[in-house]
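Each chain is listed here by its residues.
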Amino acid sequence: MSAAKILVLHGPNLNLLGVREPGVYGTTTLEGINQALRELAVELSLELDIVQSNSEGALVDAIQGAMGTCQGILINPAAYTHTSVAIRDAIAATALPAVEVHLSNVHAREPFRSHSFIAPVAVGQICGFGPDSYLLGLRALAKRLGK
């Protein structure tokens, strides 16, 4: 049986992890998160396609490109969580199970961060556990896929 392929999407400013507001986002770099995800993917018999973009259109293109090639999406839409109907609609259009993750607890921060356009089309949301949010999300997605 071939490994399920998961699209991992990192939204805007996540390329600055490790230096960007470490009091909020911690000191782990994006590459550190990606490496931890790759190691867990091996354990879970998953293949990952990892994309980071600061551009909403590039994220939409990646989501659309997952149709027919990926079995699920792990996404940290970052600031687009609260603003992007386009990303929400792309996830809905693919009909792929998506798990939304955030490093910080978005519900304990500024009030505008509590609203997610993504959550209603995701199978779940994990936030507030730092880099572990991604690992918990990948485990949840693997379980959802029967891996």
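Under an unreviewed UniProt entry, the name given to the protein chain is 3-dehydroquinate dehydratase, and the source organism is Geomonas anaerohicana. Per UniProt, the protein chain has the following entry under Sequence similarities (unreviewed entry): "Belongs to the type-II 3-dehydroquinase family." One UniProt comment on the protein chain, placed under Catalytic activity (unreviewed entry), says "3-dehydroquinate = 3-dehydroshikimate + H2O".

Student: Explanation requested: unusual backbone geometry in the structure shown.
Tutor: Residues other than glycine predominantly adopt negative phi, and peptide bonds predominantly adopt the trans conformation. Unlike most non-glycine residues, Asn-13 shows phi in positive territory, near 75°. Within the secondary structure, Asn-13 sits in the loop between strand E1 (4-10) and helix H1 (22-25). Asn-13 sits in the partly exposed class, given a relative accessible area of 33%.

Student: What is the right way to read the nonpolar core from this model?
Tutor: The tendency in soluble globular proteins is for nonpolar side chains to be buried as a group. One finds Ile-6, Leu-37, Leu-46, Leu-48, Leu-74, Tyr-134 and Leu-138 to be the most contacted residues of the largest nonpolar core, which totals 23 residues. Contributing elements (two or more residues each) for this core: E1, helix H2 (30-43), strand E2 (46-52), strand E4 (98-102) and helix H5 (132-144). Grouped together as the second largest cluster of nonpolar side chains are 18 residues, Leu-59, Ile-63, Ala-66 and Ile-91 included.

Student: Even after reading the chapter, I still don't get the pattern of salt bridges, so can you show me in this structure?
Tutor: Two side chains of opposite charge can pair, provided their charged atoms sit close to one another. Using the criterion set out here, one finds 3 salt bridges in the structure. Notably, a salt bridge pairs Arg-139 with Glu-43, separated by 3.2 Å at the nearest N-O pair. Of this pair, Arg-139 sits in helix H5 while Glu-43 sits in helix H2, and the two are 96 residues apart along the sequence. The exposure class of Arg-139 is partly exposed, given its relative accessible area of 40%. Assessed through its relative accessible area of 55%, Glu-43 is described here as exposed. Across the pair Asp-89 and Arg-88 runs a salt bridge, and its minimum N-O distance is 3.1 Å. The class for Arg-88 is partly exposed, based on a relative accessible area of 27%.

Student: How should the UniProt feature "binding site: substrate" (unreviewed entry) in the protein chain be read in this particular structure?
Tutor: Following the UniProt record, one finds the feature "binding site: substrate" (unreviewed entry) at Asn-76, His-82, Asp-89, Leu-103, Ser-104 and Arg-113. Spanning 38 residues, the annotated positions stay apart in the fold, the maximum distance between their C-alpha atoms being 24.1 Å. By the secondary structure assignment, Asp-89 is in helix H4 (residues 85-94). Residue class for Asp-89 comes out partly exposed when judged on its relative accessible area of 38%. Checked against the element boundaries, Arg-113 lands in the loop between E4 and strand E5 (124-127). What makes Arg-113 buried here is its relative accessible area of 17%.

Student: Mind showing me how you'd approach the environment of Arg-38 here?
Tutor: Along the chain, the position of Arg-38 falls in helix H2. Along the backbone, Arg-38 and Val-99 are 61 residues apart, and their C-alpha atoms lie at a distance of 17 Å. In this view, Arg-38 contacts Glu-31, Leu-48 and Ile-50; residues no more than four positions away in its chain are not counted. Among the polar contacts made by the side chain of Arg-38, one reaches the side chain of Glu-31 at a distance of 2.8 Å.

Student: Help me out: how do you make sense of the packing of H2 against H5 in this one?
Tutor: For any two helices packed against each other, one specifies the inter-axial angle together with the distance between the axes. Axis separation between H2 and H5 bottoms out at 10 Å; the angle between their running directions is 25°. By the angle between their axes, H2 is roughly parallel relative to H5. Viewed along their axes, H2 and H5 form a crossing whose handedness is right-handed. Of H5, the residues touching H2 (which contributes Ile-33, Ala-36, Leu-37, Leu-40, Ala-41 and Glu-43) are Tyr-134, Leu-135, Leu-138 and Arg-139.

Conventions used here
Residues numbered from 1 in each chain as written. Predicted model: local features only at pLDDT ≥ 70, side-chain atom pairs only at ≥ 80, totals over all residues. Heavy atoms only, no water. UniProt positions renumbered as here; feature names shortened; annotations may be inferred. Helix = DSSP H or I, 4+ residues; strand = E, 2+ residues; numbered from the N terminus. Buried < 20%, exposed > 50% of the residue type's maximum accessible area, 1.4 Å probe, protein only. Core = buried A, V, L, I, M, F, W, Y, C linked by side-chain atoms within 4.5 Å. Salt bridge = Lys/Arg side-chain N within 4 Å of Asp/Glu carboxyl O. Contact = heavy atoms within 4.5 Å. Polar contact = N/O pair within 3.5 Å; in protein donor to acceptor, adjacent residues only side chain to side chain. Axes fitted to C-alpha atoms, helices over the stretch in contact; angles between N-to-C directions. Parallel < 35°, antiparallel > 145°, perpendicular 65-115°, else oblique. Left-handed = near helix turned anticlockwise from the far one by under 90°.

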